[in-house]
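Analysis of the macromolecular model
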Amino acid sequence: MVKFNLKPLIVGVICSLLFSSCENKVNAQALSAQIADHAVQIQSISPDATDFSDLTPLKKVIGDSRIVLLGEQSHGGGSTYSAKVRLIKFLHQEMGFEVMAFESGMYDCAEISRNMLAGNPMEDEVLGSMFYMYATSTEVKPLFGYMDEQIKGPKPLLFCGMDSQHTGEKSQKNLVANLETFLTQNESEIQNHNNWEVFVRKVGDIIKMDRSASKKDKAKFYEVIDLLKSELNKFKSNDTAVLSNPAFWGQIVLSLESQAKRYWGDIPDMDRDRQMASNMSWLLNNPYKDKKIIIWAHNFHIARGLDPALPMGHFLKNEFKDEMYAIGFTGYDGEFINFVNDKKTSIVKSSKSSIEQSFKNLGWPYAMLDFGGLEESSLLKQEQKCRLFNFGENSVVMPNIFDGLFYIETTTPTVRE
């Protein structure tokens, strides 16, 4: 039997581990120092905190950006919702932002917006039509009240949605009926097509998230979709109310096509983000072409640099470039509501080499980190462990994903009503 002298090997392994531990500690300390150099300490995330002096440095950070995107790690962090509401008030009051776009069905939100302008309370309008994780969260409700107040004033904060996925009550009850009315008013005959009945039935199914479809029904549905796309493209676009604009209906038809194809397995599910970006681009270039806009969505949807995945943020950044500033959100510990099962979930502590731990080392409960103007040698331009997507840990080069990162030390779960 060959005998090995294990002592040198063991000593070598121990030395290697000690060196690695020391190196990680040094890097963590250096990363914390660089975060402190490029971050702003935020004093409050309460929407009631109307002294915006702690947020004033963000004016320089955001600069002349016309589009600000506000993310969230999950759809169940009440503290993140509160922070976003406060940021929206700041952006509206101090930086002249005029439109609030939500991750929610484009058609549903168009009806909500119209009814708000007619005097209906937003809190009532969103129930059943805006995505439920926002419509029923107590932390988002202060925003609804704020928007109702502002819409009556000289500088209203307007409302829209960009999601290509329609599931709300307004879509269920009114989308097809209003499309038929629009077609009739424009002397179209598509609503008299042999396959129109199948189209109407399948639209109802997909809005109710029924993913079943026969090959025969799919073929008839797609035939009507193609006819609608061709005819709507011929109508002259106008600057009238959104619900009377043929280009708006063109986006809705494209969204229904994307939703159907995704549900029926004819295209990858990621097409939702491509169509969301198309919808948002249309809103930015048409009804809100001269306005500054805030976009509220999940961290994933506003991200870029996640190849091979191509979220909405990827397409918008390619089009709008420096006009766009995306702020991701992250946190160290706490709890959130898992919107899949609506259960409270504890957040596992971050790893010691994560960016969340580096924030934690500073002792700041809240902070906003800007990735602009970093030196090429900066640790912040290197791959970092982080928990940006539903609090699962990933390794990414942060400035490739977002333009800034908002840190909340302890996440609290949203409270639903």
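Residues numbered from 1 in each chain as written. Predicted model: local features only at pLDDT ≥ 70, side-chain atom pairs only at ≥ 80, totals over all residues. Heavy atoms only, no water.

1. Observations concerning the confidence of the model for the protein
- Overall, the prediction assigns the protein a mean pLDDT of 92, with 93% of residues at 70 or greater.
- Contacts of residues 1-24 to residues separated by more than four positions or lying in other chains number 0 contacts, the stretch itself having pLDDT below 50. (pLDDT = per-residue confidence, 0-100. Contact = heavy atoms within 4.5 Å.)

2. Examining the packing of helix H8 (residues 169-185) against helix H11 (residues 246-263)
- Two elements in contact, H8 and H11, have axes separated by 12 Å at closest approach and are oriented at 140°. In terms of their interaxial angle, H8 and H11 are classed as oblique. Considering only the axes of H8 and H11, their crossing is left-handed. Contacts from Leu 175, Asn 178, Leu 179 and Phe 182 of H8 reach H11 at Pro 246, Trp 249, Ile 252 and Leu 256.
- Counted by class, the contact of H8 with H11 contains 7 nonpolar, 1 polar and no charged residues. (Axes fitted to C-alpha atoms, helices over the stretch in contact; angles between N-to-C directions. Helix = DSSP H or I, 4+ residues; strand = E, 2+ residues; numbered from the N terminus. Parallel < 35°, antiparallel > 145°, perpendicular 65-115°, else oblique. Left-handed = near helix turned anticlockwise from the far one by under 90°. Nonpolar A, V, L, I, M, F, W, Y, C, P; charged D, E, K, R; others polar.)

3. Some details on the pairing of strand E7 (residues 343-346)
- Pairing analysis gives 4 bridges linking strand E6 (residues 324-338) to E7, with the strands arranged antiparallel. By the bridge assignment for E7, Ile 337 is matched with Lys 344.
- Joining the antiparallel neighbours E6 and E7 is a turn of 4 residues, in which Asp 342 adopts a positive phi near 60°. (Pairing = 2+ DSSP bridges.)

4. Some points on the pattern of salt bridges
- The full count for this structure, using the stated rule, is 23 salt bridges.
- Measuring nitrogen to oxygen at the nearest pair gives 3.1 Å for the salt bridge that ties Lys 170 to Glu 125. Taken together, the residues Lys 170 in helix H8 and Glu 125 in helix H5 (residues 122-126) connect sequence positions 45 residues apart.
- Residue Glu 125 is classed as buried on the basis of its relative accessible area of 10%.
- The partner of Arg 272 in a salt bridge is Asp 163, and the shortest N-O contact between them spans 2.6 Å. With Arg 272 in helix H12 (residues 271-285) and Asp 163 in strand E4 (residues 158-163), this residue pair connects regions lying 109 residues apart in the sequence. A single burial state applies to Arg 272 and to Asp 163, both of which are buried.
- One network of salt bridges, in which partners are shared, links Asp 226, Lys 229, Glu 257 and Lys 261. (Salt bridge = Lys/Arg side-chain N within 4 Å of Asp/Glu carboxyl O. Buried < 20%, exposed > 50% of the residue type's maximum accessible area, 1.4 Å probe, protein only.)

5. Thoughts on the packing of aromatic side chains
- Counting across every chain of the model gives 21 aromatic pairs.
- On the basis of an interplanar angle of 80° and a centroid distance of 6.1 Å, the ring pair of Phe 300 and Phe 389 is categorised as edge-to-face. With Phe 300 in helix H13 (residues 299-302) and Phe 389 in strand E9 (residues 383-389), the pair connects residues that are 89 residues apart, well separated along the chain.
- By relative accessible area, which is 18% here, Phe 389 ends up buried. (Phe/Tyr/Trp six-rings, centres within 6.5 Å; stacked < 30°, edge-to-face > 60°.)

6. A short note on the nonpolar core
- If you look at the biggest cluster of nonpolar residues, it comprises 78 residues, and the most contacted ones within it are Leu 228 and Trp 249.
- With 7 residues, H11 is the single largest residue contributor to this core.
- When neighbours within four sequence positions are excluded, Leu 228 is seen to be in contact with Leu 179, Leu 183, Ile 190, Trp 196, Phe 199 and Val 253.
- Listed in part, the 46 residues of the second largest apolar core include Phe 97, Cys 109, Phe 131 and Phe 144. (Core = buried A, V, L, I, M, F, W, Y, C linked by side-chain atoms within 4.5 Å.)

7. A short note on the packing of H8 against helix H9 (residues 196-207)
- The interhelical angle for the contact between H8 and H9, taken along N-to-C directions, is 150°, at an axis separation of 9 Å. When the axis of H8 is compared with that of H9, the two are roughly antiparallel. As H8 runs across H9, the sense of the crossing is right-handed. Along the contact surface, H8 presents Ser 171, Gln 172, Leu 175, Val 176, Leu 179, Glu 180 and Leu 183, while H9 presents Trp 196, Phe 199, Val 200, Val 203 and Ile 207.

8. With respect to helix H10 (residues 215-234)
- Between its terminal C-alpha atoms H10 stretches 29 Å, which fits the 28 Å expected from 20 residues at 1.5 Å a residue.
- Taken together, the buried positions of H10 are Asp 217, Lys 218, Phe 221, Tyr 222, Val 224, Ile 225, Leu 228 and Leu 232. Buried positions in H10, seen along its axis, are confined to an arc of 165° and lie on one side of it. H10 presents Lys 215, Lys 216 and Lys 234 as exposed residues on the side facing more than 90 degrees away from its buried surface. (Expected span 1.5 Å × (residues − 1). Arc of directions from axis to C-beta.)

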